[in-house]
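Coordinates in review
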Amino acid sequence: MSRTSSRTLIASALIILALSLLALSAAGYLQPAESLVVRPLSALQSWTATRYAAIRDFITSPSDVTTLRQRNAELEAEVARLQQQVIGLQEQQAEATILAVLLKYAREQPESSYQASKVIGRDVSPFLRSIWIGSGSDQGIARGMPVATDRGLVGRVIEVRASVSRVQLITDPEAAVNLRFQQSRADGVLAAQLNGELWVDLIDQNAEIAQGELVLTSGLGGGFPADIPIGRVLSVRKRDYELFQQAVIQPTVEFDNLDIVLVITNFLPVGVSDGAQ
Amino acid sequence: MLGTLIGIPVLALLAVLQSSLLSHIRLLDGRPDAVLLAVVGWSVVGRTNEAIGWGFIGGSFLDLFSGVPFGSTAIALVLVAYLVSFPEGRFWESHVVMPLGVMLVASTVFHVLGIGTLVLVGHPIDLEVALTRVLLPSTFMNLVLILPTIQVANSVTQRLFPPEVKI
């Protein structure tokens, strides 16, 4: 048998094998085997991610000092402005306290429970915007759980294995998040663009959206809990002949520097049953 | 057989590094493709049949760390390894430009197959963005890295499989 025909034979056999694996995986039969292989690899992945973060922090620390000084000056200015607001808000607080007591009777808001998890890797496909975290079904993670940081919404768990899970970032074009503008109270839907920009679509034409306005999850549709920050408005596009206006937002989360995230474990979106894979 | 067995831990490690480390080394949205480089490098140094096996193993490991359908990257890498095996024995094989040409074809085919898979499963893909922000930058980085990769592959093959000498 010539070398070329031998190669063709090997390649054909392996493609048929890969197609069989694809079919088995699509039917869900490979899940236990995948988890078995991924478990030791995720430990290695976690080790590598930790070392990488340590080296990155060491290299970038000098430039961070300059950034922090600049940030400090900005925050001092912000503090002065906020102190003025505090005086006005103290007056309102007295009213709000009474209203809050009344509201508490009507609506008991459960405390969110969180599972902190390390980011151990990113999707190897450059076309998919998702991350791997070092917690899986063994830690009580289930498909659909929202993921956030102290700065805002990160995404949602879309794939769960025994020790790791995949989180679809809100910057993925397939992610859809119902949101609300904090001041104008207008609703919209997050539409991540393929070039990485975050757009908000389906905003009522009559809404007055201000630049810098905070955008939060609305909780509509039951996909995410309400009031998690998503970003701030960078610009607004409003055309008279269109049904809706759009806004470009700057996310509050820095998706390139995610180290640890919080999975909200006591929230499952509507339509996803507990423990679903 | 030995080359294939060696490939399993090497490719597993490369897939892990691809997810945890190389995903941070970006030019626009493009990244170097460690497993693709290993497969092409192994093929260029003459281990063509093993390289096809490496394509399957490496692709399967990559699929474990990706949201693409399991097996699709394995198919893409087997096809790439099969394609790049054709220059074997050709007179221009030893020319310095050859590995670059092979890598150019390999990287393009690999990413086009990746895009095709995602289109098939209904993931939104803007072809212009995919070309300018992913395919071209990734291919550029792969071209830069293929020559050192071949050097490493050459040195490994000479240690593992020294040429037989008649005395």
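Residues numbered from 1 in each chain as written. Chains lettered and ligands numbered in written order. Predicted model: local features only at pLDDT ≥ 70, side-chain atom pairs only at ≥ 80, totals over all residues. Heavy atoms only, no water.

Section: a nonpolar patch on the surface
Our working definition: Patch members must show over 30% relative accessible area and no salt bridge, and they are joined within 9 Å when carrying like charges or within 5 Å when they are nonpolar side chains of Val, Leu, Ile, Met, Phe, Trp or Tyr. Surface exposure here means Shrake-Rupley accessible area, sampled with a 1.4 Å probe, where a residue is shielded only by the protein chains that are shown. The salt bridge definition used is simple: a Lys or Arg side-chain nitrogen within 4 Å of an Asp or Glu carboxyl oxygen. Numbering goes from the N terminus for both helices and strands, where a helix is a DSSP run of H or I of at least four residues and a strand is a run of E of at least two.
A surface patch of nonpolar side chains, about 350 Å² in accessible area, is lined by Leu27(B), Phe140(B), Val144(B) and Leu145(B). Among the secondary structure elements, Val144(B) is positioned in helix H6 (residues 127-160).

Structural notes on the interface of chain A and chain B
What counts, and what does not: Contacts are residue-level and defined by heavy atoms, with any inter-residue pair within 4.5 Å sufficient. Using a 1.4 Å probe, buried area is obtained as the accessible area two parts lose upon being combined, added over both of them. Two N or O atoms count as a polar contact when they lie within 3.5 Å, although within protein this holds only if one can serve as hydrogen donor and the other as acceptor, and sequence-adjacent residues are included solely when both atoms are side-chain atoms. Residue classes follow a fixed rule: Ala, Val, Leu, Ile, Met, Phe, Trp, Tyr, Cys and Pro count as nonpolar, while Asp, Glu, Lys and Arg count as charged, and any other residue, Gly among them, counts as polar.
Contact with chain A, which involves 45 residues of that partner, is made by 51 residues of chain B. Across the interface of chain A and chain B, roughly 4,200 Å² is buried in total on both sides, 69% from carbon and sulfur atoms. By the criterion of area lost to chain B, the three top residues of chain A are Arg7(A), Val124(A) and Phe127(A), representing 19% of everything that side buries. Our count for the chain A to chain B interface comes out at two salt bridges. When the shortest N-O distance is used, the salt bridge between Arg129(A) and Asp29(B) registers 3.5 Å. Joining chain A to chain B, the criterion identifies 13 residue pairs in polar contact (both at pLDDT 80 or more). If you list the elements that add at least two residues to the side of chain A that touches chain B, you get helix H1 (3-26), helix H2 (31-106) and strand E1 (114-122) of chain A. Per-class residue counts for the side of chain A that touches chain B are 24 nonpolar, nine polar and 12 charged.

Looking at the packing of aromatic side chains
Residue and element names in this part refer to chain B. Note the cut-off: Here a Phe, Tyr or Trp ring, Trp counted by its six-membered ring, pairs with any other such ring whose centre lies within 6.5 Å, and the pair is stacked when the planes are under 30 degrees apart, edge-to-face when over 60, and tilted otherwise. Three labels apply to residues, based on accessible area from a 1.4 Å probe with only protein chains included: buried if under 20% of the type maximum, exposed if over 50%, partly exposed otherwise in between. Two thresholds decide whether a charge sits over a ring: the Lys NZ or Arg CZ must be within 6 Å of the ring centre and within 35 degrees of the ring normal.
The tally for this structure, following the rule as stated, stands at one aromatic pair over all chains. Measuring from centroid to centroid gives 4.5 Å for Trp-42 and Trp-54, while their planes differ by 5°, and the two rings are stacked. On the criterion of sequence distance, the pair formed by Trp-42 in helix H2 (residues 34-44) and Trp-54 in helix H3 (residues 48-64) is long-range, its members being 12 residues apart. The pair formed by Trp-42 and Trp-54 is uniform in burial state, with each residue classed as buried. Lying across the ring of Phe-161, Arg-47 places its NZ or CZ 3.7 Å from the centre.

A few points about the pattern of salt bridges
Residues and elements named next belong to chain A. Counted according to the given criterion, the structure contains 14 salt bridges over all chains. Its salt-bridge partner being Arg-39, residue Asp-138 comes within 3.2 Å of it at the nearest N-O pair. Of the two residues, Asp-138 is situated in the loop between strand E2 (130-133) and strand E3 (146-149) and Arg-39 in helix H2; the sequence distance between them amounts to 99 residues. A salt bridge links Glu-242 to Arg-237; the shortest N-O distance between them is 3.9 Å. With relative accessibility at 30%, the residue Arg-237 sits in the partly exposed group. Taken together, the shared-partner salt bridges in this structure form one network comprising Glu-34, Asp-123, Glu-159, Arg-161 and Arg-166.

Description of empty space enclosed by the protein
Here is the rule we go by: Method remark: on a 1 Å grid restricted to protein atoms, a set of points is classed as a cavity if a 1.4 Å probe fits but cannot get out and as a pocket if it is open with protein on both sides within 12 Å along at least five of seven lines; lining residues have an atom within 4 Å of a point. Grid points are joined across faces, edges and corners, and a volume is the space filled by probe spheres set on the points.
For the structure on display, the rule yields four cavities of 30 Å³ or more. Within this model, the largest cavity holds a volume of roughly 250 Å³. Secondary-structure elements contributing two or more residues to the lining of the largest cavity are H2, helix H4 (72-84) and helix H5 (97-120) of chain B. No other element matches the six residues that H5(B) contributes to the lining of the largest cavity. Roughly 120 Å³ of internal volume is contained in the second largest cavity. If you go around the second largest cavity, you meet 14 residues; those closest to its centre are Pro126(A), Phe127(A), Arg129(A), Leu194(A) and Val129(B). Residues that form the lining of the second largest cavity fall into these classes: 10 nonpolar, one polar and three charged.

So, the environment of Gln205(A)
Residue and element names in this part refer to chain A. Note that Gln-205 resides in the loop between strand E8 (198-204) and strand E9 (214-217). Overall, Gln-205 belongs to the buried group, its relative accessible area being 14%. Put simply, Gln-205 and Arg-161 are 44 residues apart on the chain and 43 Å apart in space, counted from C-alpha to C-alpha. With sequence-adjacent residues up to four places away left out, Gln-205 is seen in contact with Lys-238, Arg-239, Asp-240, Glu-242, Leu-243, Phe-244 and Gln-245.

Digging into the nonpolar core
If you look at soluble globular proteins, the nonpolar side chains tend to sit buried side by side. Applicable threshold: Note on terminology: a nonpolar core comprises buried Ala, Val, Leu, Ile, Met, Phe, Trp, Tyr and Cys residues joined through side-chain atoms within 4.5 Å. Where each domain starts and ends follows an automatic or database-derived domain assignment.
Within the largest apolar cluster, 54 residues are counted, with the highest numbers of intra-cluster contacts made by Leu11(B), Leu36(B), Val40(B), Phe61(B) and Phe65(B). Counting only elements with at least two residues in this core, the list comes to H1 and H2 of chain A together with helix H1 (2-20), H2, H3, H4, H5 and H6 of chain B. Here this core gathers at least three residues from each of two domains, domain 1 (1-108) and domain 2 (116-269) of chain A. What Leu36(B) contacts, discounting residues up to four positions off in sequence, is Leu77(B), Val80(B), Met103(B), Ala106(B), Ser107(B), Phe110(B) and Asn142(B). Counting 40 residues, the second largest nonpolar core, distinct from the first, contains Ile131(A), Val147(A), Val154(A) and Val200(A).

A few points about the packing of H2(B) against H5(B)
Residues and elements named next belong to chain B. Heads up, the rule is: Lines are fitted to the C-alpha atoms to define the axes, a helix being fitted only along its stretch in contact, and any angle between axes, read from their N-to-C directions, falls within 0 to 180 degrees. Should an angle fall under 35 degrees it is taken as roughly parallel, and over 145 as roughly antiparallel, whereas 65 to 115 is taken as roughly perpendicular and any remaining angle as oblique. Helix crossings are classified by the rotation of the near helix relative to the far one: an anticlockwise turn of less than a right angle makes the crossing left-handed, while a clockwise turn makes it right-handed.
Closest axis-to-axis distance for the H2/H5 pair is 11 Å, and the angle between their directions is 140°. Taken as axis vectors, H2 and H5 run oblique relative to one another. Pair H2 / H5 crosses with right-handed handedness. Here Leu-36, Leu-37, Val-40 and Val-44 of H2 lie close against H5, whose contacting residues are Met-98, Val-102, Met-103, Ala-106, Ser-107 and Phe-110. Partitioned by chemical class, the residues of the contact of H2 with H5 number nine nonpolar, one polar and no charged.

Quick notes on the domain arrangement of chain A
All names here are of chain A. Once the domains are mapped, chain A shows domain 1 (1-108) and domain 2 (116-269). On the side of domain 2, 14 residues touch domain 1, which itself brings 12 residues to the contact. Across the domain 1/domain 2 interface, buried area totals approximately 1,000 Å², and carbon plus sulfur atoms make up 43% of it. Summed over the three residues of domain 1 that lose the most area to domain 2, namely Arg-39, Gln-45 and Arg-56, the buried surface amounts to 39% of that side. Joining domain 1 to domain 2, the criterion identifies two salt bridges. Glu-34 is paired through a salt bridge with Arg-161; the nearest N and O atoms lie 3.0 Å apart. Applying the counting criterion to the domain 1 and domain 2 interface returns three residue pairs in polar contact (both at pLDDT 80 or more). A per-class count over the side of domain 1 that touches domain 2 returns three nonpolar, six polar and three charged.

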